[in-house]
Amino acid sequence: MERGESVSGLNWKKIIPLLLALIVLGNYLYSTLGVTEEQRILRVVDRAERAVIDKSFFNLEQVLSSHYRDRSGLTKNDLMRLATLYFRSQDQVRVVRMSSDVEILDETEAAVRLRVQVFGEAGGKWGRGLADDSLLGEVFEISLKKESGRWKITAVNPEKRNWPSIYPN
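Residues numbered from 1 in each chain as written. Predicted model: local features only at pLDDT ≥ 70, side-chain atom pairs only at ≥ 80, totals over all residues. Heavy atoms only, no water.

Student: How should I be thinking about the overall build of the protein chain in this particular structure?
Tutor: Tallying secondary structure elements over the protein chain gives five helices and five strands in all. Listed N to C, the secondary structure of the protein chain is α-α-α-α-α-β-β-β-β-β in terms of helices and strands. Out of the 169 residues belonging to the protein chain, those deemed buried represent 36%. (Helix = DSSP H or I, 4+ residues; strand = E, 2+ residues; numbered from the N terminus. Buried < 20%, exposed > 50% of the residue type's maximum accessible area, 1.4 Å probe, protein only.)

Student: Sorry if this is basic, but what is going on with the pattern of salt bridges here?
Tutor: Close approach of charged atoms allows side chains with opposite charge to pair. Per the counting criterion, the structure on display carries nine salt bridges. Close ionic contact of Asp46 with Arg97 constitutes a salt bridge, the shortest N to O distance being 2.5 Å. With Asp46 in helix H3 (residues 37–54) and Arg97 in strand E1 (residues 92–104), the pair connects residues that are 51 residues apart, well separated along the chain. In this structure Arg97 comes out as partly exposed when scored by relative accessible area, which is 27%. In this structure, a network of salt bridges that share partners links the residues Glu37, Arg40 and Lys146. (Salt bridge = Lys/Arg side-chain N within 4 Å of Asp/Glu carboxyl O.)

Structural data, given as structure tokens:
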């Protein structure tokens, strides 16, 4: 080997993609090792909660399944319209999670029972609740399904009531 070959003789075109692949693999393993399925499910619920607080249509849409249908008969598009009406009517939204209980039904289906207190502020006045204004918070039954390896919300059902209709009677 000649003297200048030790560094310049390395095939950087092969090494750089290999290093990038190792970095991506390392990030994937770091983010998935030690994470339980229950934690993955709660991350989706956290993302939905954060989307409501941020009034982010895009982030809310990302956690909802295209097959969304709740007991009120709302589809994903209907729920997004309902969220749009709520987000536009509120200057600020706060969510306080009081409890969450995850039940994994099988490898692709799960349910979360979530108790939250939702506060919306409009015109300087705070109001409580989305579907229920109980002091103890609202309970929602959230159904999730694994789609293409990711958990998605397939239904959000308020425990005490149905969602308000977005269509005039």
